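# Remarks on the overall topology
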Amino acid sequence: MSSACAGVGPAGTSPSSGHGSERPAAGLRVAWTPAECAGAAEPARDLDRDGVADRCEHELAAAFAPLLVVDERECGWDPGLRRLGGEYLYAVQRRPSGGGMRIVYMPAYYRDCGWTLPVCIVTRWICRGHAGDSEAAVVDVAFDPAARRWTAERVFLSAHCHGRSAGRCRWYEGAELERFAWADGPPRGAPVVWVAHGKHGGYPTAAECDTGHWGYDGGRANRMAYRFPVVSPRQDAGSRARPFPHGRAADC
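Just so it is clear, the model here is predicted, and its values are computed rather than measured.

### Some words on the packing of aromatic side chains
Taken as a whole and assessed by the stated rule, the structure comprises nine aromatic pairs. Between Tyr-88 and Tyr-226 the ring centres are 6.4 Å apart and the planes differ by 75 degrees, which places this aromatic pair in the edge-to-face class. In this pair, Tyr-88 is assigned in strand S4 (residues 86–94) and Tyr-226 in strand S12 (residues 224–227), connecting sequence segments 138 residues apart. Overall, Tyr-226 belongs to the buried group, its relative accessible area being 10%. Taken together, Trp-77, Tyr-88, Tyr-105, Tyr-109, Tyr-226 and Phe-228 form an aromatic cluster joined through their ring pairs. For Arg-154, the ring lying beneath its charged end belongs to Trp-171, and the centroid distance is 3.8 Å. Residue placement shows Arg-170 over the ring face of Tyr-172; its charged tip is 4.3 Å from the ring centre.

### Some thoughts on the nonpolar core
Counting 39 residues, the largest nonpolar core has Leu-60, Phe-64, Leu-68 and Tyr-105 as the members making the most contacts within it. Mapped onto this core, the elements with two or more residues apiece are helix H2 (54–63), strand S1 (67–70), S4, strand S5 (101–112), strand S7 (137–144), strand S8 (149–157), strand S10 (192–195) and S12. Core analysis: the second largest hydrophobic core is formed by 13 residues, Ala-159, Ala-196, Tyr-203 and Ala-225 among them.

### Side note on the pattern of salt bridges
One pass over the full model with this rule turns up twelve salt bridges. Where Lys-199 meets Asp-112, a salt bridge forms, and the shortest distance between an N and an O atom there is 3.1 Å. With Lys-199 in the loop between S10 and strand S11 (202–203) and Asp-112 in strand S5, this residue pair connects regions lying 87 residues apart in the sequence. Note on accessibility: Lys-199 and Asp-112 belong to one class, buried. Here Glu-208 and Arg-179 are joined by a salt bridge, their closest N and O atoms 2.5 Å apart. With a gap of 29 residues between them, Glu-208 in helix H4 (residues 206–210) and Arg-179 in the loop between strand S9 (170–173) and S10 connect regions that are remote in the sequence.

### What about the side chain of Asp-140?
Note on placement: Asp-140 falls in strand S7. Once residues within four sequence positions are removed from consideration, Asp-140 is found in contact with Arg-95, Met-101, Arg-102, Thr-151, Ala-152, Glu-153, Arg-154 and Trp-171.

### Regarding H2
Taken together, the buried positions of H2 are occupied by Asp-54, Cys-56, Glu-57, His-58, Leu-60 and Ala-61. The inward-facing, buried residues of H2 abut helix H1 (34–37), S4, S5 and S8.

### A short note on the side chain of Asp-48
Locating Asp-48 in the fold gives a position in the loop between H1 and H2. An unpaired buried charge is present at Asp-48: no salt bridge exists, and Arg-242, the closest side chain of opposite charge, is 7.9 Å distant. In this structure Asp-48 touches Asp-54, Glu-57, Asp-236, Gly-238, Ser-239, Ala-241, Arg-242 and Pro-245, once residues within four positions along its chain are discounted.

Rules used in this analysis
Residues numbered from 1 in each chain as written. Predicted model: local features only at pLDDT ≥ 70, side-chain atom pairs only at ≥ 80, totals over all residues. Heavy atoms only, no water. Phe/Tyr/Trp six-rings, centres within 6.5 Å; stacked < 30°, edge-to-face > 60°. Helix = DSSP H or I, 4+ residues; strand = E, 2+ residues; numbered from the N terminus. Buried < 20%, exposed > 50% of the residue type's maximum accessible area, 1.4 Å probe, protein only. Lys NZ or Arg CZ within 6 Å of the ring centre and 35° of its normal. Core = buried A, V, L, I, M, F, W, Y, C linked by side-chain atoms within 4.5 Å. Salt bridge = Lys/Arg side-chain N within 4 Å of Asp/Glu carboxyl O. Contact = heavy atoms within 4.5 Å. Lys, Arg positive; Asp, Glu negative; His and termini not counted.

Structure, rendered in structure tokens:
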């Protein structure tokens, strides 16, 4: 089976593995400390009432937005925006345990294009596509007060969840984070996520993408990469207390 997910980014952009003798400092500098995110210094706007300032949520989401490596030849490609068609939402909240923040990225793709492998001649009902395809990537980050940097501690990727994932719908943490490349170089910053052709399962490496779902996520080479677009607070899905506090997140 040919590689489904090996490739490079657009215009010569190549995801950086962060490996080598001169590794950059881990994590990312964001102009918000945990205290500032909580509005400890001064009252902060918090429309979704989750205890995290809206601007902090937006800037953390933008900083750690995954670099998505995709196949622009699939049915869901938007040539005008040069990305997979869909609504791109995010949410930020305090981590349930262990301190830090949890950043959730929710690409709601317009189309699941299905699989087009030879095996689909026999298993056509498994391979067919459908309208709408909701996926998720989650980055748990912690703040290092000495370095004044936020670092990724855990990454979750959805890949055919709900019982048919072959164990790939999961968290990656500790030494497993070495499997990721990192956008723009800094390790434990914004992760590079390989998106399977047509079905959009997320994987930490090209090889794992190519063998995902018992090998079904294979057959084409991804050549395009773009950062998960975080361009407006209207993309903030909010909280259970107040979902979508900024209005409808359309056209994002």
